Amino acid sequence: GNLHGILLARERHPDGILYSSKETHYSVFKAARYYRMDAKAIPTLPMGEIDYDALASEISKNRDRPVIINVNIGTTVKGAVDNLDRILRILKMLDIPRERYHIHCDGALFAMMMPFVDFAPEVSFRKPIDSIAVSGHKMLGCPMPCGIALTRKELVKEVEQHIDYLNSVDTTIMGSRNGQAALYLWYSLRKKGIDGIKRDVVHCMETAAYLRDKITDAGLSCRLNDLSCTVVLERPMDDKLVKRWQLACEEDIAHVVVMPNVTRQKIDKFVEELVECKNKYGRMAPKREDSPLVKLTCTSWGGTFVDPVINFKSE
C-alpha cells in the first residue's frame, strides 16, 4: 500500500519532496529510494508523532518544490498517530495550494481501528488527502501479508495501463495478485461485521490499557499512546524472555501490540515473568542520552506521575 501511495504521489509530482517522520515504517523511505525521490526524515516528538514545527520549517525552506507528506496513522514502534488536521493547517499557513501537495496516510494497523474508537479524529477523503494504505494481515487476521490501497480515481488514471491480452486495465505495481488474500479479507469482514470489528477494537484498547497499568504497577517504565493498542516498555535484560514472548525491540525499548487474541490471563503471565526478570537481572539502562528509553520516560507523554494532582476544596 505504501509503495503504491508513494508511486501515485511521484507520478503527480515528479519533482516533489517526500516528508515523513523518522519513526515511519521503513517501506516509505524504501519507496523513495526505489523511485529516486528526494526525501526528508523529520524528527519526532517523544511519543512518536512527527515534530510539526520541524515539518513546517522544512516545507518552508523548499517552497519551490511540491510537497509529498506521509502521515502515520500509528507508527511501527510506538503506535503514534500524526495529527492530520494540524498538518493540513501547516500547509494552509504556508499557502501551499492544493494542487502542490499530496498526502498519503500509512494506516497499516490503526486506520482499520480508528473508525471504531469513540471520539477519535476522522481520517477520510472528505479531507484533502490522496491515499490510504491499510494492512489486511493485522487487525483482520489474514494469514498471508496483504493490504488495501485506497486513493482518488483521478490519481489512478495516471498510472493505469491497458493490457490487450488480458482485455483489462492494470493499475497495480505487482500486476498479478493473490486472489486468496482478497477472499480471506471478504470472509473476515463478512464474519465479523461492523459490530464484531467494534468489539475487537474495544477489546484491544481496553486490554492494552490493562497491560500498561500492570507493567507500571510492577515498577517498570511503560507507555501507551492515546490512539494506540501498542504498549511500549523498557527492554527486558533477559534475551531468552524477549525471544520466548517474541518482543519487537528497538535499542533499549520493546513493544507489545495487543491484538484480539491477547487475554488478561496471558498478560498476567507475561508481567509475572517481567517481574522475575527484573528481580534476577535488573533493569535496562539507557543506551545514550537521547535513546528511545530516555524518550519513554519523558514528561511530555503526560500522566499523573509527572506532577501530583492538587485538590482544591471549597469552604
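Going by the structure above, here's the rest.
Description of the structure in this document. Quantities reported herein were computed from a predicted structural model and do not represent experimental measurements.

Points about the packing of aromatic side chains
Link 1 in the chain: Tallied over the entire structure, the rule returns two aromatic pairs.
Link 2 in the chain: Ring centres of W245 and F270 lie 5.1 Å apart, and the angle between their planes is 65 degrees; this geometry places the pair in the edge-to-face category. Here W245, found in the loop between helix 7 (239-244) and strand 11 (248-250), pairs with F270, found in helix 8 (residues 264-281); they are 25 residues apart in sequence, far enough to count as distant.
Link 3 in the chain: For W245, a relative accessible area of 24% corresponds to the partly exposed category.
Link 4 in the chain: Given the relative accessible area of 5%, F270 is considered buried.
Link 5 in the chain: Taking NZ or CZ as reference, R264 lies 4.4 Å from the ring centre of Y210, over its face.

Points about the environment of H137
Link 1 in the chain: Secondary-structure assignment places H137 in the loop between strand 5 (131-135) and strand 6 (147-151).
Link 2 in the chain: For the pair H137 and A108, spaced 29 residues apart in the sequence, the C-alpha separation amounts to 9.3 Å.
Link 3 in the chain: When neighbours within four sequence positions are excluded, H137 is seen to be in contact with C142, M144, P145 and C146.
Link 4 in the chain: Within the structure, the side chain of H137 is placed 3.0 Å from the backbone oxygen of C146, a separation counted as a polar contact.

Let's talk about helix 3 (residues 52-61)
Link 1 in the chain: Among the residues of helix 3, Y52, A54, L55, A56, E58 and I59 are the ones counted as buried.
Link 2 in the chain: A distance of 3.2 Å separates the backbone nitrogen of D53 from a side-chain oxygen at the start of helix 3, and that oxygen is part of D51.

Structural notes on the state of the cysteines
Link 1 in the chain: Under the definition given, this model contains zero disulfides.
Link 2 in the chain: C229 provides the cysteine sulfur closest to C222, a residue in no disulfide bond, and the two sulfurs are 13 Å apart.
Link 3 in the chain: No disulfide involves C277; its sulfur sits 11 Å from the nearest other cysteine sulfur, which is in C249.

Topic: the environment of G179
Link 1 in the chain: In this fold, G179 is placed in helix 6 (residues 179-217).
Link 2 in the chain: Sequence separation between G179 and S60 is 119 residues; the distance between their C-alpha atoms is 44 Å.

Definitions and limits used
- Residues numbered from 1 in each chain as written.
- Predicted model: local features only at pLDDT ≥ 70, side-chain atom pairs only at ≥ 80, totals over all residues.
- Heavy atoms only, no water.
- Phe/Tyr/Trp six-rings, centres within 6.5 Å; stacked < 30°, edge-to-face > 60°.
- Helix = DSSP H or I, 4+ residues; strand = E, 2+ residues; numbered from the N terminus.
- Buried < 20%, exposed > 50% of the residue type's maximum accessible area, 1.4 Å probe, protein only.
- Lys NZ or Arg CZ within 6 Å of the ring centre and 35° of its normal.
- Contact = heavy atoms within 4.5 Å.
- Polar contact = N/O pair within 3.5 Å; in protein donor to acceptor, adjacent residues only side chain to side chain.
- Disulfide = S-S within 2.5 Å.

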